[in-house]
Every structure is written in C-alpha cells, then in structure tokens.
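Residues per chain are reported as follows:
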Amino acid sequence: MADDPMAARAPSGTHDVLWPESARWEALLSAFASHVEGAGYGLAHTPLFEDVRVFRRGIGEDSDVVGKEMYEFEDRGGRALALRPEGTAPIVRAFVQHRPPLPWKAWYATPAFRYERPQAGRYRQHHQLGVEALGPADPDLDAEVVSLADGFFRLLGLTSFGLRLNSMGDGVCRPGYLEVLRVYLAEHRHQLCPEHGRRLEANPLRALDCKRPECRAATAEAPALADHLCDPCGRHFERVVAGLDALGVPFVLDHRLVRGFDYYTRTTFEFSSEALEAAQNGIGGGGRYDGLVEMLGGPDTPGIGFGIGVERLLLACDAEGVFPAVPAPLDAFVVDDAGGESARDLTAALRRDGLRADRAFDGRSLKAQLRSADRSGARVAVIIRGEEVAAGTATVRPLRGTGEQQTVLLAELASAVRDAAGPGRSHPASTV
Ligand SMILES: [Zn+2]
Ligand SMILES: [Zn+2]
C-alpha cells in the first residue's frame, strides 16, 4: 500500500509527529509553558501568515530567511502574504496592533516555515518555542531572558551545551564599526568566500559568522564590535555580563556571534549543544531588538527574546539521553461481551471520574477485545459479560503487575480501577 504512487504523502521537508512520540512534544510544551509562565510570560497565538512586509521590514531583505527561504504567496484577494519564517516579528506585529500595557511578556509555540534543502534535523516546517519581552531597556531583563532559556535546557536534563554572548551595538556605535569592518574586509576581499566577497558592502557582518574556512581565516584578526561599543552600549553589556554571573549562567564571549536578522541590537546570544554535530548544533538563541517595534510602525519600544528549535532540541535530548518520552497509559480498557451498552456507559462514567479510559467497538469477540485491551497498554481491563450486566457488577483485571482479578459493584468501579491501576497512575495530559 505504501508503494502506491497515488498514496498521499507529506510534502518534502515536513514530518509528522504521532503518538507516542507526540507525548514527548506535549510534555516539552507543558514544561516550557510552566517554566516561562512562572516568570510572568503569557501565551500569545498569532496567525501563521502575515503581510509579507512584516518580515521584509523586520528581518531584512538581505537575509537568507527573507531573500531565499520564505514561503510567499498571493491570496485570492491579491494580498502579498508569507508563512511565518520565525516567531518574533509576528509577536511584535501583534504588539504594534494591540498596544498592551508595558512591560509586555509573551511566549509562543509555533511552526515556522523556510524553503531550505531538506536534510537531517532541518525541515521546511519546523517548530519553535520562544518568549518576547517588550518595554524595558534594562540590561537585567537581558540577563533574565538568557537565564530563562538556560534554565529551561537544564530543566530538561541537558548539561552538555554552551552559551555564546555578544553585543551588536546600536544605531549610535554600529555604523562606525561597520565602516571599520568594511575597510578591513575590503583589504582581505580576495581571501573571503565568494558569497561574502560579493556582499561585503551590503552586509559586512555576515562574513564574521560565515562557517566557511576562507572567511574564518580572513576574519580571524578582524576588528570586534565589542571594542567599538559606545558608552551606553558598553555599560549595558557589562551589566548583562554581571547579571549572568550573578545568576550562575555560564557563557563565553564571542565577537563572531552576529545574528542574521537586521533587527538585533545590543545583547545577542546563542546556545549550542555539545552533543550534536557542530554544523547543526544550535538549539536556541535570541537577542535584543530595540528597533523592531518602530520598524513595524509602533512607538519606540525596546524588546528582547529568544527562540528554541523543537526538533533540534529533542535531538540534543536524545544525544544526551535525557527527557525521554513516557506516554501515560490508559487506566482502564472496557471489554463488553454483552451488547456494548455497558462499554458505552461505563467508559463515559470512568472518564467523568477523571480516569483515562477507552473501549473496543464493532461488537468484536471477547478474545479480540481482550487483545485490544492488552495492546492499548491500559493498566486494567474492565470486563462485562452477560451475567454481570444482570448482577450489576464488573470484573476488574489488572493487566500489568501482580494484582488479583476481582468482581466489583458498578457503584464501586471507579475506585476499584483506581486502586488496581496503582499509585503510578498519572495524568500528564491534564497539565498541558
Ligand atoms: Zn563567507
Ligand atoms: Zn552603542
């Protein structure tokens, strides 16, 4: 059947997440929600597509994300739209539109779309978790945001990861630095990779974080932005560094860390897993974007945030053997050999009682239903035969462990299931 060329398949570069793997996604989302809500962030849902200008203005035409990878389309009304390639610009657009009181702290969980060449751990639809904090220019907020991401990775059990930190300066000091850098790169133009040799006028910063050996060698001695910060940017950065030290967040300074989006100012940071291949080991990052709200037509409002790639993060968890998927089993599977009415009614009653319950359908044989019960992973089978309907009882048979089978009155069924399912009974779904 799978070989049928007419059989429907997911588009290239996308992937399905099905049970039980999806239980891990649920748990990840739930852990992230309670972690960031504990720091005052509230969930924000925004549309998966936006006016294409939201990304053009915010991220910049010159970036690969906008220039080469964005899913753009015209809708039936002739509007130029784009599927979101990242999470920050839509949140900032929502802020500009609704102007919630400041400070405004929002978190999101969203798919993001980029037309990239499909390869391991890189998808055309991938998934991101992130936070954005708008309002304060306070460097202590930068330290809080970075430490929030660091704390989340540790909460999952990760230990083999590193944090790189840099300052991108601002509109006061960055232009001067870019001139110095352009002069340096122009002198080394013949050593740069072809792409960055060509683009050094438009965007000299890109050569700094280029992974190609030519660019790395050519920029080894390049002037660092950190040495050209204006006094306010320098003081801001010092306070961020002091904050991370005080909060016990380890990091290294890296003057090559310049992020690809135009909207970043001052603090920029990136987390990478040491358990993954170096070429694709980024698990999250972010930074301050004090100009973005204005770029999207709002009042001058500072902001900072981070985004985490879910697929990459789970690969890092696999590589470290942490945060395993533990799908919660059913408490009960109802097997009804007497017409199905009891299965219908008792399953509903058990669910109302807060138990996880399922049943067999289609009037299958007792044997087939018991096989389904076993395959379901349920802790307990609740068995109804003809004589039990008449007596108002049910048989509770533990399917895991060593408990004894017993016959109970229907009025006591829920508590009997609860007892037989045992203390390991859990409800992770209810925390999502
Ligand atoms: Zn290069
Ligand atoms: Zn500055």
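It should be noted that the structure appears before, not after, this text.
Being a predicted model, the structure only gives us computed values, none of them experimental.

**Student:** So what's going on with the sheet that holds strand β7 (residues 161-167)? Residues and values would help.
**Tutor:** What the eight strands build is an open sheet, ordered β1-β5-β6-β11-β10-β9-β7-β8; its pairing is mixed. Looking at which strands have only one partner, the edges of the open sheet turn out to be β1 (42-43) and β8 (252-253). Sheet analysis places β7 next to strand β9 (residues 265-273), joined by seven bridges and oriented antiparallel. Within β9, the position partnered with S167 by the bridge is T267. Contacting β5 (104-113) and β6 (125-134), helix α4 (residues 88-98) runs over the sheet at an angle of about 135 degrees to β5.

**Student:** Could you give me a rundown of the pairing of β5, with the residues and numbers involved?
**Tutor:** The buried fraction of β5 amounts to eight of the 10 residues, a majority that puts the element mostly inside the structure. Looking at chain direction, β5 and β6 are connected through 10 bridges and run antiparallel. Paired with W107 across the strands is V131, a residue of β6.

**Student:** How would you sum up the coordination of the zinc ion (ligand 1)? Please name residues and give values.
**Tutor:** Distances from the zinc ion (ligand 1) to its protein donors, C193 (SG), H196 (ND1), C210 (SG) and C215 (SG), fall within 2.0 to 2.3 Å. Considering all four donor atoms around the zinc ion (ligand 1), angles at the metal cover 94 to 124 degrees and the coordination shape is tetrahedral. Along the chain, the residues donating to the zinc ion (ligand 1) fall in the pattern C-x2-H-x13-C-x4-C. In this pair, H196 is assigned in helix α7 (residues 194-199) and C210 in the loop between α8 (205-208) and α9 (213-218), connecting sequence segments 14 residues apart. By relative accessible area, C210 is classed as buried at 5%.

**Student:** Describe helix α14 (residues 366-375), naming the residues involved and giving the relevant values.
**Tutor:** Burial in α14 covers these residues: A368, Q369, S372 and A373. Around the axis of α14, the buried residues are gathered within 145 degrees of arc, so they sit on the same side. Opposite the buried face of α14, at more than 90 degrees from it, the exposed residues are K367 and R375. On its buried face, α14 is in contact with β12 (332-336) and β14 (380-384). Backbone geometry just downstream of α14 places G377 in the positive-phi region, at approximately 80 degrees.

**Student:** Describe the coordination of the zinc ion (ligand 2), naming the residues involved and giving the relevant values.
**Tutor:** Every protein donor of the zinc ion (ligand 2) is listed here as D170 (OD), C173 (SG), C230 (SG) and C233 (SG), and their distances to the metal cover 2.2 to 2.3 Å. One can describe the site at the zinc ion (ligand 2) as tetrahedral: its four donor atoms subtend angles covering 93 to 120 degrees at the metal. Mapping the donors of the zinc ion (ligand 2) onto the primary sequence gives the spacing D-x2-C-x56-C-x2-C. A residue pair is termed long-range when its members are at least 10 positions apart, and D170 in the loop between β7 and α6 (174-187) and C233 in helix α10 (residues 231-246) qualify at 63 residues. A single burial state applies to D170 and to C233, both of which are buried.

**Student:** Can you tell me about the pattern of salt bridges, naming the residues and giving the values?
**Tutor:** A complete count under the given rule lists 20 salt bridges for this structure. Salt-bridge contacts for D358 lead to R351; the nearest nitrogen and oxygen are separated by 3.7 Å. The class of R351 is partly exposed, set by a relative accessible area of 45%. Connected through shared salt-bridge partners, D142, R288 and D290 make up one network.

**Student:** Any chance you could break down the sheet that holds strand β13 (residues 357-359) for me, citing the residues and the numbers?
**Tutor:** Spatially, β13-β12-β14-β15-β16 is the arrangement adopted by the five strands of the open sheet, whose pairing is mixed. Edge positions in the open sheet fall to β13 and β16 (406-409), since each of these has one partner strand only. Pairwise comparison of adjacent strand axes, ignoring direction, gives a mean angle of 30 degrees for this sheet. In this sheet, β14 lies alongside β12 in parallel orientation, the contact comprising five bridges. By the bridge assignment, A332 is partnered in β14 with V380. The sheet contacts of helix α13 (residues 341-352) involve β12, β13 and β14, and relative to β13 the element is tilted by about 170 degrees. Running over the sheet, α14 touches β12, β14 and β15 (393-398) and is turned about 175 degrees from β12.

**Student:** Report on the packing of helix α1 (residues 21-37) against helix α5 (residues 139-155), specifying residues and quantitative values.
**Tutor:** Running from amino to carboxyl end, α1 crosses α5 at an angle of 140 degrees, the nearest separation of the two axes being 11 Å. Taken together, the axes of α1 and α5 lie oblique to each other. Between α1 and α5 lies a crossing of right-handed hand. Contact with α1, carried on its side by L28, A31, F32, H35 and V36, involves L148, G151, F152 and L155 of α5 and no other residues of that element. Of the residues belonging to the contact of α1 with α5, the class tally is seven nonpolar, two polar and no charged.

**Student:** Account for the environment of Q280, with residues named and values stated.
**Tutor:** Assignment of secondary structure puts Q280 in the loop between β9 and β10 (282-288). Overall, the relative accessible area of 16% leaves Q280 in the buried class. On a C-alpha basis, the gap between Q280 and R122 in space is 8.7 Å, while along the polypeptide they are 158 residues apart.

**Student:** So what about unusual backbone geometry? Which residues, and what values?
**Tutor:** Following W19, the chain continues to P20 via a peptide bond in cis, the omega torsion being 5 degrees. By the secondary structure assignment, P20 is in the segment before α1. The backbone of R99 shows a phi angle near 45 degrees, a positive value even though the residue is not glycine. Relative to the helices and strands, R99 resides in the loop between α4 and β5. Classification of R99 as partly exposed rests on a relative accessible area of 45%.

**Student:** Lay out the pairing of β7 with the relevant residues and their values.
**Tutor:** Among the seven residues that make up β7, six are buried, leaving the element largely enclosed by the rest of the structure. As paired elements, β7 and β8 share two bridges and run parallel to each other. Within β8, the residue paired with L165 across the bridge is L253.

About the thresholds
- Residues numbered from 1 in each chain as written.
- Chains lettered and ligands numbered in written order.
- Predicted model: local features only at pLDDT ≥ 70, side-chain atom pairs only at ≥ 80, totals over all residues.
- Heavy atoms only, no water.
- Pairing = 2+ DSSP bridges.
- Helix = DSSP H or I, 4+ residues; strand = E, 2+ residues; numbered from the N terminus.
- Contact = heavy atoms within 4.5 Å.
- Axes fitted to C-alpha atoms, helices over the stretch in contact; angles between N-to-C directions.
- Buried < 20%, exposed > 50% of the residue type's maximum accessible area, 1.4 Å probe, protein only.
- Donors = N, O, S within 2.8 Å, 3.2 Å for Na, K, Ca; no water.
- Tetrahedral: all angles 85-135°; square planar, octahedral: opposite > 155°, others 65-115°.
- Arc of directions from axis to C-beta.
- Salt bridge = Lys/Arg side-chain N within 4 Å of Asp/Glu carboxyl O.
- Parallel < 35°, antiparallel > 145°, perpendicular 65-115°, else oblique.
- Left-handed = near helix turned anticlockwise from the far one by under 90°.
- Nonpolar A, V, L, I, M, F, W, Y, C, P; charged D, E, K, R; others polar.

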